[in-house]
Amino acid sequence: MKKYLILIIIFFLTGCSSYIELNDLAIIDTISIQKEDNNYKVTISYIEKIEENNLNPQTKIIEAKDTNINQLFNNLSLKINKKIYLSHLNLLLIDDSIKNKEFKELINYFLNNQDTREDFLIAYSNNINDLMHNNKFLEINDLVKINHQETSKVIYTTMYDVIKNYYEKKNIYLTNLTYQDNNTLPIGIITFINNNYQELTEDQSIFINYLLDNIDTFNYTYKCQDNNYLNLKILKGKKQELNNKLLITNEINIISNDCHLNNQEINKIFNEYLEDNKIYTNKTLNINNTIRGNYENK
Amino acid sequence: MKINKIEVNITFLILSLSVFLLNFSNFTPLAIIFGFLLSFFLILLTEKLNLTKYKLTNICLLIISLIILPIYLNKLTYFISNNILKDYSGIVISILLLISSLFLIKKGYHTIIKVVLLSSYFIILILLLGLLSSIYLKIDNFTINILKDNNLFRNTLLYSFLIYYTYFLTYGESSSLVNKKTLLISSCCHLLSYLFIIGILGLTLTNLYEYAYIVIYKKINFLNFIERIEFMFAINYLFCFYYFFLFSFYKVKSILKKVIKKDKLLTLTLVILSIIIFTISIL
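Small disclaimer: the values here were computed from a predicted structure and weren't measured.

Student: Lay out a nonpolar patch on the surface in plain terms, naming residues and giving numbers.
Tutor: Residue and element names in this part refer to chain B. A cluster of nonpolar side chains, Ile-124, Leu-128, Leu-131, Leu-137, Ile-139, Phe-142, Leu-192 and Leu-195, forms an exposed patch at the surface whose accessible area comes to about 740 Å². Those elements that place two or more of their residues in the nonpolar patch are helix H5 (109-129) and helix H7 (180-208). With respect to the helices, strands and loops of the structure, Leu-192 is situated in helix H7. The exposure class assigned to Leu-192 is partly exposed, which follows from its relative accessible area of 42%.

Here it is, written out as C-alpha coordinates:
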(Lines give C-alpha, C1' and ligand atoms only; values in the text may rest on other atoms or scores of the structure.)
Protein backbone atom coordinates (compact mmCIF):
# COMPACT_ATOMS: atom_id res chain seq x y z
CA MET A 1 0.00 0.00 0.00
CA LYS A 2 2.80 2.38 1.01
CA LYS A 3 4.63 1.73 -2.28
CA TYR A 4 1.55 2.65 -4.29
CA LEU A 5 1.12 5.80 -2.20
CA ILE A 6 4.74 6.81 -2.90
CA LEU A 7 4.26 6.08 -6.61
CA ILE A 8 1.22 8.36 -6.73
CA ILE A 9 3.17 11.13 -4.95
CA ILE A 10 6.08 10.78 -7.41
CA PHE A 11 3.68 11.18 -10.36
CA PHE A 12 2.28 14.36 -8.84
CA LEU A 13 5.70 15.80 -7.97
CA THR A 14 6.94 15.89 -11.55
CA GLY A 15 4.97 19.02 -12.29
CA CYS A 16 3.79 17.61 -15.64
CA SER A 17 0.36 19.19 -15.35
CA SER A 18 1.77 22.68 -15.89
CA TYR A 19 4.25 21.65 -18.57
CA ILE A 20 4.33 23.75 -21.73
CA GLU A 21 5.87 22.47 -24.96
CA LEU A 22 8.88 24.42 -26.22
CA ASN A 23 7.01 25.10 -29.47
CA ASP A 24 4.26 26.78 -27.48
CA LEU A 25 6.64 29.25 -25.86
CA ALA A 26 7.35 32.61 -27.46
CA ILE A 27 10.95 33.13 -26.30
CA ILE A 28 11.31 36.89 -26.49
CA ASP A 29 14.69 38.35 -27.33
CA THR A 30 14.00 42.08 -27.68
CA ILE A 31 11.18 44.42 -26.73
CA SER A 32 10.67 48.02 -27.71
CA ILE A 33 8.14 50.17 -25.87
CA GLN A 34 6.76 53.50 -26.99
CA LYS A 35 3.75 55.52 -25.99
CA GLU A 36 1.47 56.97 -28.64
CA ASP A 37 -1.73 58.85 -27.75
CA ASN A 38 -2.11 57.26 -24.31
CA ASN A 39 -1.53 53.83 -25.81
CA TYR A 40 1.52 51.68 -25.29
CA LYS A 41 2.98 50.40 -28.52
CA VAL A 42 5.07 47.31 -27.97
CA THR A 43 7.13 45.59 -30.62
CA ILE A 44 8.55 42.20 -29.70
CA SER A 45 11.01 40.00 -31.47
CA TYR A 46 10.67 36.33 -30.62
CA ILE A 47 12.41 33.18 -31.77
CA GLU A 48 10.13 31.49 -34.25
CA LYS A 49 12.26 28.58 -35.37
CA ILE A 50 15.85 27.49 -35.72
CA GLU A 51 17.32 27.15 -39.18
CA GLU A 52 18.25 23.60 -40.00
CA ASN A 53 21.40 24.45 -41.95
CA ASN A 54 23.31 26.71 -39.59
CA LEU A 55 21.24 26.38 -36.37
CA ASN A 56 20.72 30.15 -36.24
CA PRO A 57 17.50 31.28 -34.56
CA GLN A 58 14.99 32.94 -36.86
CA THR A 59 13.11 35.77 -35.23
CA LYS A 60 9.71 37.24 -35.97
CA ILE A 61 8.49 40.73 -35.12
CA ILE A 62 5.00 41.46 -33.81
CA GLU A 63 3.41 44.73 -32.72
CA ALA A 64 0.54 45.43 -30.36
CA LYS A 65 -1.15 48.46 -28.81
CA ASP A 66 -3.05 48.89 -25.56
CA THR A 67 -3.46 51.28 -22.67
CA ASN A 68 -2.18 48.79 -20.12
CA ILE A 69 1.10 46.86 -20.28
CA ASN A 70 -0.27 43.66 -18.70
CA GLN A 71 -3.20 43.66 -21.07
CA LEU A 72 -0.86 44.33 -23.94
CA PHE A 73 1.27 41.26 -23.28
CA ASN A 74 -1.89 39.19 -22.97
CA ASN A 75 -2.98 40.52 -26.36
CA LEU A 76 0.40 39.60 -27.81
CA SER A 77 0.05 36.10 -26.43
CA LEU A 78 -3.32 35.77 -28.13
CA LYS A 79 -1.94 37.19 -31.37
CA ILE A 80 0.93 34.71 -31.67
CA ASN A 81 -0.93 31.88 -29.94
CA LYS A 82 2.00 31.16 -27.65
CA LYS A 83 2.93 31.78 -24.03
CA ILE A 84 5.05 34.91 -23.61
CA TYR A 85 8.36 33.85 -22.06
CA LEU A 86 10.59 36.70 -20.89
CA SER A 87 13.36 34.80 -19.12
CA HIS A 88 15.73 35.18 -22.09
CA LEU A 89 15.03 38.85 -22.74
CA ASN A 90 18.23 40.61 -23.80
CA LEU A 91 17.23 44.12 -24.70
CA LEU A 92 14.54 46.68 -23.96
CA LEU A 93 14.40 49.76 -26.17
CA ILE A 94 12.56 52.90 -25.13
CA ASP A 95 12.18 56.40 -26.54
CA ASP A 96 11.34 59.85 -25.16
CA SER A 97 7.67 59.00 -24.77
CA ILE A 98 8.57 56.89 -21.71
CA LYS A 99 8.46 59.20 -18.71
CA ASN A 100 8.02 58.83 -14.94
CA LYS A 101 4.55 57.31 -15.05
CA GLU A 102 5.48 54.88 -17.79
CA PHE A 103 8.70 53.91 -16.02
CA LYS A 104 6.66 53.05 -12.93
CA GLU A 105 4.29 50.84 -14.92
CA LEU A 106 7.17 49.14 -16.70
CA ILE A 107 9.04 48.49 -13.44
CA ASN A 108 5.89 47.12 -11.82
CA TYR A 109 5.31 44.80 -14.74
CA PHE A 110 8.82 43.37 -14.64
CA LEU A 111 8.90 43.11 -10.84
CA ASN A 112 5.62 41.23 -10.72
CA ASN A 113 6.46 38.91 -13.59
CA GLN A 114 8.08 35.81 -12.10
CA ASP A 115 9.59 34.72 -15.43
CA THR A 116 11.77 37.76 -15.99
CA ARG A 117 15.33 38.26 -14.95
CA GLU A 118 16.09 41.93 -14.50
CA ASP A 119 19.61 41.74 -15.94
CA PHE A 120 18.75 42.74 -19.50
CA LEU A 121 20.02 45.91 -21.17
CA ILE A 122 17.85 49.01 -21.47
CA ALA A 123 18.75 51.48 -24.18
CA TYR A 124 17.27 54.67 -25.57
CA SER A 125 16.68 55.44 -29.23
CA ASN A 126 14.66 57.82 -31.31
CA ASN A 127 14.82 55.39 -34.23
CA ILE A 128 13.21 52.39 -32.58
CA ASN A 129 11.14 51.46 -35.63
CA ASP A 130 14.21 51.40 -37.90
CA LEU A 131 16.19 49.39 -35.37
CA MET A 132 13.46 46.81 -34.84
CA HIS A 133 12.39 46.38 -38.43
CA ASN A 134 15.89 45.99 -39.82
CA ASN A 135 16.91 43.32 -37.34
CA LYS A 136 19.64 45.64 -36.09
CA PHE A 137 18.82 45.00 -32.44
CA LEU A 138 20.67 41.69 -32.44
CA GLU A 139 24.05 43.39 -32.27
CA ILE A 140 23.12 46.13 -29.79
CA ASN A 141 23.91 44.18 -26.65
CA ASP A 142 27.49 43.42 -27.67
CA LEU A 143 27.92 46.89 -29.15
CA VAL A 144 27.01 48.61 -25.89
CA LYS A 145 28.96 46.15 -23.74
CA ILE A 146 32.18 46.54 -25.73
CA ASN A 147 31.86 50.33 -26.02
CA HIS A 148 31.14 50.59 -22.32
CA GLN A 149 34.34 48.71 -21.49
CA GLU A 150 36.58 50.23 -24.14
CA THR A 151 35.52 53.85 -24.59
CA SER A 152 33.22 54.49 -21.59
CA LYS A 153 31.20 56.83 -23.78
CA VAL A 154 28.12 54.64 -23.39
CA ILE A 155 26.68 52.90 -20.37
CA TYR A 156 25.44 49.34 -19.85
CA THR A 157 22.29 49.96 -17.84
CA THR A 158 20.26 46.96 -16.77
CA MET A 159 16.74 46.80 -15.41
CA TYR A 160 18.20 46.43 -11.89
CA ASP A 161 19.89 49.84 -12.24
CA VAL A 162 16.71 51.43 -13.55
CA ILE A 163 14.58 50.01 -10.72
CA LYS A 164 17.12 51.07 -8.12
CA ASN A 165 17.60 54.57 -9.49
CA TYR A 166 13.88 55.05 -9.95
CA TYR A 167 13.03 54.15 -6.35
CA GLU A 168 16.00 56.01 -4.90
CA LYS A 169 14.97 59.02 -7.02
CA LYS A 170 18.32 59.20 -8.75
CA ASN A 171 18.98 59.98 -12.39
CA ILE A 172 18.64 57.17 -14.89
CA TYR A 173 21.46 56.93 -17.44
CA LEU A 174 20.86 55.11 -20.71
CA THR A 175 22.84 54.56 -23.88
CA ASN A 176 21.54 56.65 -26.74
CA LEU A 177 21.40 54.70 -30.00
CA THR A 178 20.78 55.83 -33.54
CA TYR A 179 20.30 54.17 -36.89
CA GLN A 180 22.29 55.53 -39.84
CA ASP A 181 23.13 54.00 -43.22
CA ASN A 182 21.96 50.53 -42.22
CA ASN A 183 24.10 50.67 -39.09
CA THR A 184 23.35 50.91 -35.40
CA LEU A 185 25.50 53.55 -33.75
CA PRO A 186 25.83 54.50 -30.09
CA ILE A 187 25.82 58.30 -29.83
CA GLY A 188 26.48 58.65 -26.12
CA ILE A 189 24.63 58.72 -22.86
CA ILE A 190 21.22 60.20 -22.26
CA THR A 191 19.97 60.96 -18.77
CA PHE A 192 16.43 60.94 -17.47
CA ILE A 193 16.22 63.84 -15.07
CA ASN A 194 13.17 65.76 -13.79
CA ASN A 195 10.86 63.83 -16.11
CA ASN A 196 12.92 64.84 -19.14
CA TYR A 197 15.63 63.33 -21.24
CA GLN A 198 18.89 65.24 -21.53
CA GLU A 199 21.76 64.30 -23.81
CA LEU A 200 25.27 64.30 -22.36
CA THR A 201 28.42 65.27 -24.17
CA GLU A 202 31.29 62.82 -24.60
CA ASP A 203 33.18 64.33 -21.66
CA GLN A 204 30.14 64.21 -19.44
CA SER A 205 29.46 60.61 -20.45
CA ILE A 206 32.95 59.57 -19.39
CA PHE A 207 32.61 61.55 -16.18
CA ILE A 208 29.31 59.85 -15.34
CA ASN A 209 30.87 56.43 -15.88
CA TYR A 210 33.69 57.55 -13.60
CA LEU A 211 31.24 58.74 -10.94
CA LEU A 212 29.30 55.50 -11.09
CA ASP A 213 32.52 53.51 -10.68
CA ASN A 214 32.20 51.92 -14.09
CA ILE A 215 35.74 52.96 -15.02
CA ASP A 216 38.90 53.34 -12.97
CA THR A 217 40.62 56.10 -14.89
CA PHE A 218 39.86 58.68 -17.53
CA ASN A 219 41.70 61.36 -19.48
CA TYR A 220 40.78 64.99 -19.21
CA THR A 221 41.86 67.49 -21.85
CA TYR A 222 41.73 71.23 -21.30
CA LYS A 223 42.24 73.65 -24.17
CA CYS A 224 44.02 76.85 -23.22
CA GLN A 225 45.18 79.78 -25.30
CA ASP A 226 47.11 79.44 -28.60
CA ASN A 227 45.80 75.93 -29.25
CA ASN A 228 47.74 74.50 -26.34
CA TYR A 229 46.44 71.63 -24.31
CA LEU A 230 46.64 70.38 -20.79
CA ASN A 231 46.24 66.58 -20.58
CA LEU A 232 45.47 64.97 -17.27
CA LYS A 233 45.00 61.37 -16.32
CA ILE A 234 42.58 60.96 -13.43
CA LEU A 235 43.44 57.91 -11.35
CA LYS A 236 41.84 56.07 -8.48
CA GLY A 237 38.83 58.22 -7.74
CA LYS A 238 37.52 57.56 -4.30
CA LYS A 239 33.91 58.58 -4.16
CA GLN A 240 31.88 58.60 -1.01
CA GLU A 241 28.29 59.68 -0.62
CA LEU A 242 27.48 61.22 2.71
CA ASN A 243 24.05 62.72 3.35
CA ASN A 244 23.74 65.24 0.57
CA LYS A 245 27.44 65.52 -0.16
CA LEU A 246 29.63 63.68 -2.61
CA LEU A 247 33.22 63.48 -1.43
CA ILE A 248 35.63 62.95 -4.31
CA THR A 249 39.30 62.23 -3.72
CA ASN A 250 41.29 62.13 -6.94
CA GLU A 251 44.84 61.32 -7.82
CA ILE A 252 45.79 63.20 -10.96
CA ASN A 253 48.79 62.58 -13.17
CA ILE A 254 49.87 65.29 -15.59
CA ILE A 255 50.47 63.78 -19.04
CA SER A 256 51.32 66.99 -20.89
CA ASN A 257 51.25 70.59 -19.81
CA ASP A 258 51.77 72.84 -22.86
CA CYS A 259 49.77 75.55 -21.13
CA HIS A 260 52.48 75.90 -18.47
CA LEU A 261 50.06 75.86 -15.59
CA ASN A 262 51.08 75.29 -12.00
CA ASN A 263 49.47 72.79 -9.64
CA GLN A 264 47.11 75.32 -8.08
CA GLU A 265 45.82 76.42 -11.49
CA ILE A 266 45.37 72.80 -12.63
CA ASN A 267 43.50 72.05 -9.43
CA LYS A 268 41.22 75.02 -10.05
CA ILE A 269 40.54 74.05 -13.68
CA PHE A 270 39.75 70.45 -12.81
CA ASN A 271 37.50 71.43 -9.91
CA GLU A 272 35.60 73.77 -12.21
CA TYR A 273 35.13 70.87 -14.60
CA LEU A 274 33.72 68.75 -11.76
CA GLU A 275 31.46 71.60 -10.67
CA ASP A 276 30.16 71.88 -14.26
CA ASN A 277 29.03 68.29 -14.05
CA LYS A 278 27.50 68.81 -10.64
CA ILE A 279 23.93 68.89 -11.95
CA TYR A 280 24.23 65.23 -12.86
CA THR A 281 24.97 64.21 -9.30
CA ASN A 282 22.36 66.33 -7.47
CA LYS A 283 24.84 66.61 -4.63
CA THR A 284 27.23 69.15 -3.18
CA LEU A 285 30.76 68.30 -4.26
CA ASN A 286 33.62 68.17 -1.83
CA ILE A 287 36.77 67.69 -3.89
CA ASN A 288 40.25 66.79 -2.74
CA ASN A 289 42.85 66.43 -5.51
CA THR A 290 46.43 65.21 -5.34
CA ILE A 291 48.31 66.31 -8.43
CA ARG A 292 51.49 64.51 -9.49
CA GLY A 293 53.90 65.26 -12.33
CA ASN A 294 56.21 67.99 -13.54
CA TYR A 295 55.12 71.36 -14.71
CA GLU A 296 57.05 74.28 -16.13
CA ASN A 297 56.85 77.68 -14.49
CA LYS A 298 55.58 80.49 -16.63
CA MET B 1 21.48 3.76 15.06
CA LYS B 2 22.86 6.58 17.16
CA ILE B 3 22.89 10.25 16.34
CA ASN B 4 26.08 12.00 17.26
CA LYS B 5 26.70 15.57 18.32
CA ILE B 6 27.92 16.76 14.90
CA GLU B 7 24.75 15.53 13.20
CA VAL B 8 22.55 17.39 15.67
CA ASN B 9 24.58 20.57 15.21
CA ILE B 10 24.44 20.38 11.41
CA THR B 11 20.68 19.86 11.60
CA PHE B 12 20.35 22.92 13.83
CA LEU B 13 22.44 24.93 11.37
CA ILE B 14 20.28 23.86 8.41
CA LEU B 15 17.06 24.59 10.29
CA SER B 16 18.29 27.99 11.42
CA LEU B 17 18.77 28.98 7.76
CA SER B 18 15.00 29.19 7.43
CA VAL B 19 14.83 31.97 10.01
CA PHE B 20 13.34 35.07 8.43
CA LEU B 21 12.98 38.71 9.43
CA LEU B 22 10.19 41.18 8.84
CA ASN B 23 12.21 43.66 6.82
CA PHE B 24 15.75 44.79 6.11
CA SER B 25 17.18 48.01 7.44
CA ASN B 26 20.49 49.42 8.62
CA PHE B 27 19.66 48.05 12.03
CA THR B 28 19.15 44.44 10.91
CA PRO B 29 22.69 43.44 12.03
CA LEU B 30 21.84 44.85 15.46
CA ALA B 31 18.60 42.85 15.47
CA ILE B 32 20.58 39.70 14.61
CA ILE B 33 23.21 40.37 17.31
CA PHE B 34 20.63 41.23 19.99
CA GLY B 35 18.49 38.28 18.90
CA PHE B 36 21.49 35.99 19.15
CA LEU B 37 22.37 37.25 22.63
CA LEU B 38 18.78 36.90 23.81
CA SER B 39 18.39 33.38 22.44
CA PHE B 40 21.82 32.45 23.85
CA PHE B 41 20.75 33.65 27.28
CA LEU B 42 17.42 31.79 27.03
CA ILE B 43 19.14 28.56 25.98
CA LEU B 44 21.58 28.82 28.90
CA LEU B 45 18.64 29.34 31.24
CA THR B 46 16.79 26.39 29.73
CA GLU B 47 19.76 24.11 30.21
CA LYS B 48 20.41 25.28 33.75
CA LEU B 49 16.82 24.96 34.93
CA ASN B 50 16.25 21.87 32.78
CA LEU B 51 13.02 23.36 31.46
CA THR B 52 12.42 20.55 28.98
CA LYS B 53 11.39 18.24 31.81
CA TYR B 54 8.37 20.33 32.76
CA LYS B 55 4.93 19.61 31.34
CA LEU B 56 4.24 23.31 30.85
CA THR B 57 7.19 23.58 28.45
CA ASN B 58 5.76 20.79 26.34
CA ILE B 59 2.31 22.38 26.29
CA CYS B 60 3.82 25.72 25.24
CA LEU B 61 5.87 23.99 22.55
CA LEU B 62 2.79 22.19 21.26
CA ILE B 63 0.80 25.43 21.03
CA ILE B 64 3.66 27.31 19.34
CA SER B 65 4.23 24.44 16.89
CA LEU B 66 0.56 24.36 16.01
CA ILE B 67 0.66 28.11 15.33
CA ILE B 68 3.88 27.91 13.33
CA LEU B 69 2.86 24.92 11.18
CA PRO B 70 0.12 26.63 9.09
CA ILE B 71 2.28 29.77 8.76
CA TYR B 72 5.23 27.79 7.43
CA LEU B 73 3.05 25.61 5.20
CA ASN B 74 1.51 28.72 3.70
CA LYS B 75 4.93 30.35 3.24
CA LEU B 76 6.34 27.17 1.73
CA THR B 77 3.46 26.66 -0.71
CA TYR B 78 3.56 30.29 -1.81
CA PHE B 79 7.30 30.07 -2.30
CA ILE B 80 7.11 26.88 -4.37
CA SER B 81 4.27 28.08 -6.59
CA ASN B 82 6.11 31.37 -7.19
CA ASN B 83 9.64 30.19 -7.74
CA ILE B 84 9.82 26.50 -8.53
CA LEU B 85 6.56 25.00 -9.77
CA LYS B 86 5.06 28.05 -11.45
CA ASP B 87 1.48 27.68 -12.70
CA TYR B 88 1.09 24.67 -10.38
CA SER B 89 -1.82 24.53 -7.99
CA GLY B 90 -0.89 25.62 -4.47
CA ILE B 91 -3.42 23.25 -2.94
CA VAL B 92 -1.79 20.21 -4.56
CA ILE B 93 1.62 21.40 -3.33
CA SER B 94 0.30 21.76 0.24
CA ILE B 95 -1.27 18.31 0.16
CA LEU B 96 1.92 16.72 -1.16
CA LEU B 97 4.02 18.45 1.47
CA LEU B 98 1.70 17.26 4.21
CA ILE B 99 1.58 13.66 2.95
CA SER B 100 5.36 13.44 2.68
CA SER B 101 5.73 15.02 6.15
CA LEU B 102 3.29 12.51 7.64
CA PHE B 103 5.22 9.70 6.01
CA LEU B 104 8.55 10.97 7.34
CA ILE B 105 7.43 11.67 10.89
CA LYS B 106 5.99 8.17 11.05
CA LYS B 107 9.47 6.87 10.19
CA GLY B 108 10.92 8.59 13.23
CA TYR B 109 13.54 11.06 14.41
CA HIS B 110 16.52 9.12 13.06
CA THR B 111 15.17 8.99 9.51
CA ILE B 112 14.39 12.72 9.51
CA ILE B 113 17.89 13.59 10.73
CA LYS B 114 19.48 11.32 8.10
CA VAL B 115 17.38 12.95 5.36
CA VAL B 116 18.52 16.40 6.55
CA LEU B 117 22.14 15.28 6.65
CA LEU B 118 21.97 13.82 3.15
CA SER B 119 20.75 17.09 1.66
CA SER B 120 23.06 19.19 3.86
CA TYR B 121 25.93 18.64 1.35
CA PHE B 122 23.82 20.14 -1.43
CA ILE B 123 22.62 23.00 0.79
CA ILE B 124 26.13 23.95 1.91
CA LEU B 125 27.51 23.72 -1.65
CA ILE B 126 24.83 26.04 -3.04
CA LEU B 127 25.35 28.47 -0.15
CA LEU B 128 29.07 28.55 -0.91
CA LEU B 129 28.28 29.27 -4.58
CA GLY B 130 26.59 32.43 -3.32
CA LEU B 131 30.05 33.76 -2.46
CA LEU B 132 30.62 34.17 -6.20
CA SER B 133 28.28 37.14 -6.04
CA SER B 134 30.87 39.02 -3.96
CA ILE B 135 32.12 40.76 -7.14
CA TYR B 136 28.85 42.71 -7.21
CA LEU B 137 29.34 44.12 -3.70
CA LYS B 138 29.31 47.92 -3.61
CA ILE B 139 30.32 49.97 -0.58
CA ASP B 140 27.96 52.77 -1.65
CA ASN B 141 25.02 50.52 -0.81
CA PHE B 142 25.87 50.63 2.89
CA THR B 143 24.43 54.10 3.39
CA ILE B 144 23.08 54.92 6.82
CA ASN B 145 19.47 55.94 6.96
CA ILE B 146 18.26 56.05 10.53
CA LEU B 147 14.76 57.26 9.78
CA LYS B 148 13.65 54.20 7.88
CA ASP B 149 13.79 51.65 10.68
CA ASN B 150 10.77 50.85 12.83
CA ASN B 151 11.15 47.12 13.26
CA LEU B 152 14.36 46.71 15.27
CA PHE B 153 12.55 45.51 18.39
CA ARG B 154 10.16 43.23 16.53
CA ASN B 155 12.99 41.80 14.39
CA THR B 156 15.09 41.12 17.50
CA LEU B 157 12.23 39.30 19.19
CA LEU B 158 11.34 37.35 16.05
CA TYR B 159 14.95 36.31 15.46
CA SER B 160 15.57 35.22 19.05
CA PHE B 161 12.23 33.42 19.19
CA LEU B 162 12.88 31.45 15.98
CA ILE B 163 16.41 30.50 17.04
CA TYR B 164 15.17 29.48 20.49
CA TYR B 165 12.37 27.46 18.94
CA THR B 166 14.82 25.80 16.51
CA TYR B 167 16.90 24.78 19.52
CA PHE B 168 13.87 22.98 20.93
CA LEU B 169 13.21 21.27 17.61
CA THR B 170 16.64 19.63 17.53
CA TYR B 171 16.52 18.94 21.25
CA GLY B 172 14.68 15.70 21.10
CA GLU B 173 15.29 12.04 21.52
CA SER B 174 19.04 12.25 21.15
CA SER B 175 20.99 13.10 24.26
CA SER B 176 23.26 15.47 22.32
CA LEU B 177 22.71 19.17 22.76
CA VAL B 178 23.29 21.98 20.32
CA ASN B 179 26.73 23.45 20.79
CA LYS B 180 26.96 27.16 21.59
CA LYS B 181 29.48 27.56 18.79
CA THR B 182 26.83 26.37 16.30
CA LEU B 183 24.56 29.14 17.55
CA LEU B 184 27.33 31.64 16.89
CA ILE B 185 28.03 30.19 13.41
CA SER B 186 24.35 30.39 12.43
CA SER B 187 24.18 34.04 13.53
CA CYS B 188 27.40 34.77 11.62
CA CYS B 189 25.82 33.15 8.52
CA HIS B 190 22.81 35.44 8.92
CA LEU B 191 25.04 38.49 9.33
CA LEU B 192 27.08 37.52 6.26
CA SER B 193 23.96 36.98 4.16
CA TYR B 194 22.70 40.38 5.34
CA LEU B 195 25.97 42.01 4.25
CA PHE B 196 25.76 40.33 0.84
CA ILE B 197 22.14 41.26 0.23
CA ILE B 198 22.48 44.89 1.27
CA GLY B 199 25.91 45.24 -0.35
CA ILE B 200 24.69 43.95 -3.70
CA LEU B 201 21.14 45.22 -3.95
CA GLY B 202 21.01 48.15 -1.55
CA LEU B 203 18.24 48.71 0.98
CA THR B 204 15.62 49.91 -1.50
CA LEU B 205 15.83 46.92 -3.81
CA THR B 206 16.16 44.45 -0.92
CA ASN B 207 12.88 45.58 0.59
CA LEU B 208 11.27 45.74 -2.85
CA TYR B 209 11.88 42.09 -3.70
CA GLU B 210 10.04 39.39 -1.83
CA TYR B 211 12.92 36.94 -2.11
CA ALA B 212 16.03 39.11 -2.25
CA TYR B 213 18.29 36.04 -1.83
CA ILE B 214 17.10 34.64 -5.14
CA VAL B 215 17.76 37.93 -6.93
CA ILE B 216 21.40 37.69 -5.85
CA TYR B 217 21.69 34.18 -7.27
CA LYS B 218 20.11 35.46 -10.49
CA LYS B 219 23.02 37.89 -10.79
CA ILE B 220 25.76 35.26 -10.53
CA ASN B 221 27.54 34.63 -13.78
CA PHE B 222 30.91 33.00 -13.28
CA LEU B 223 32.93 32.89 -16.53
CA ASN B 224 29.69 32.27 -18.47
CA PHE B 225 29.83 28.80 -16.95
CA ILE B 226 28.02 29.01 -13.61
CA GLU B 227 24.91 31.03 -14.33
CA ARG B 228 21.14 30.84 -13.88
CA ILE B 229 21.56 28.99 -10.60
CA GLU B 230 18.65 30.70 -8.85
CA PHE B 231 16.51 27.56 -9.15
CA MET B 232 19.13 25.57 -7.31
CA PHE B 233 19.06 28.13 -4.54
CA ALA B 234 15.27 28.10 -4.57
CA ILE B 235 15.40 24.34 -3.97
CA ASN B 236 17.90 24.99 -1.19
CA TYR B 237 15.55 27.47 0.42
CA LEU B 238 12.70 25.00 -0.02
CA PHE B 239 14.67 22.28 1.79
CA CYS B 240 15.45 24.54 4.75
CA PHE B 241 11.83 25.67 5.09
CA TYR B 242 10.52 22.15 4.61
CA TYR B 243 12.83 20.71 7.26
CA PHE B 244 11.74 23.39 9.69
CA PHE B 245 8.13 22.45 8.97
CA LEU B 246 8.97 18.76 9.28
CA PHE B 247 10.70 19.12 12.64
CA SER B 248 7.85 21.26 13.98
CA PHE B 249 5.43 18.56 12.91
CA TYR B 250 7.60 15.91 14.49
CA LYS B 251 7.67 17.92 17.73
CA VAL B 252 3.88 17.89 17.75
CA LYS B 253 3.92 14.14 17.23
CA SER B 254 6.48 13.50 19.98
CA ILE B 255 4.51 15.59 22.49
CA LEU B 256 1.22 13.95 21.55
CA LYS B 257 2.87 10.53 21.82
CA LYS B 258 3.30 11.06 25.54
CA VAL B 259 -0.46 11.55 25.92
CA ILE B 260 -1.84 9.20 23.27
CA LYS B 261 -0.33 5.80 23.81
CA LYS B 262 -2.17 3.91 21.06
CA ASP B 263 -0.41 4.02 17.68
CA LYS B 264 -3.53 3.98 15.53
CA LEU B 265 -5.16 6.75 17.52
CA LEU B 266 -2.00 8.83 17.25
CA THR B 267 -1.89 8.39 13.47
CA LEU B 268 -5.55 9.37 13.23
CA THR B 269 -4.93 12.46 15.39
CA LEU B 270 -2.00 13.48 13.19
CA VAL B 271 -4.07 13.06 10.01
CA ILE B 272 -6.85 15.19 11.47
CA LEU B 273 -4.29 17.75 12.61
CA SER B 274 -2.76 17.92 9.13
CA ILE B 275 -6.22 18.49 7.64
CA ILE B 276 -6.74 21.38 10.10
CA ILE B 277 -3.27 22.80 9.31
CA PHE B 278 -3.99 22.55 5.59
CA THR B 279 -7.35 24.30 5.99
CA ILE B 280 -5.87 27.14 8.06
CA SER B 281 -2.94 27.55 5.66
CA ILE B 282 -5.15 28.06 2.60
CA LEU B 283 -7.43 30.53 4.35
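There is more to say, and it comes next.
Student: So what's going on with the pattern of salt bridges? Which residues, and what values?
Tutor: Residue and element names in this part refer to chain A. Here the structure, examined in full by the defined rule, presents seven salt bridges over all chains. Here Lys-41 makes a salt bridge to Glu-36, at a shortest N to O gap of 3.9 Å. On the accessibility criterion, Lys-41 (8% relative accessible area) is buried. The class of Glu-36 is partly exposed, set by a relative accessible area of 30%. In this structure, the salt-bridge partner of Arg-117 is Asp-119, at a minimum N-O distance of 3.5 Å. Where salt bridges share partners, they join Glu-36, Lys-41 and Lys-65 into one cluster.

Student: Please give an account of the confidence of the model for chain B that cites residues and values.
Tutor: Averaged over all residues, the pLDDT of chain B equals 84, while 95% of them reach at least 70. Per the prediction output, this complex has pTM 0.80; the corresponding ipTM is 0.77.

Student: Which residues make up unusual backbone geometry, and what are the values?
Tutor: All names here are of chain A. The phi dihedral of Asp-37 is positive, around 50°, even though this residue is not glycine. Take Asp-37: its relative accessible area is 74%, and that puts it in the exposed class. For Asn-195, which is not a glycine, the phi torsion comes out positive at approximately 60°. Relative to the assigned elements, Asn-195 resides in the loop between strand S8 (183-193) and strand S9 (196-199). Looking at Asn-195, the relative accessible area reads 34%, which means it is partly exposed.

About the cut-offs
Residues numbered from 1 in each chain as written. Chains lettered and ligands numbered in written order. Predicted model: local features only at pLDDT ≥ 70, side-chain atom pairs only at ≥ 80, totals over all residues. Heavy atoms only, no water. Patch = residues over 30% accessible without salt bridge, like charges linked within 9 Å, V, L, I, M, F, W, Y side chains within 5 Å. Areas by Shrake-Rupley, 256 points an atom, 1.4 Å probe, with all protein chains shown as cover. Salt bridge = Lys/Arg side-chain N within 4 Å of Asp/Glu carboxyl O. Helix = DSSP H or I, 4+ residues; strand = E, 2+ residues; numbered from the N terminus. Buried < 20%, exposed > 50% of the residue type's maximum accessible area, 1.4 Å probe, protein only. pLDDT = per-residue confidence, 0-100.

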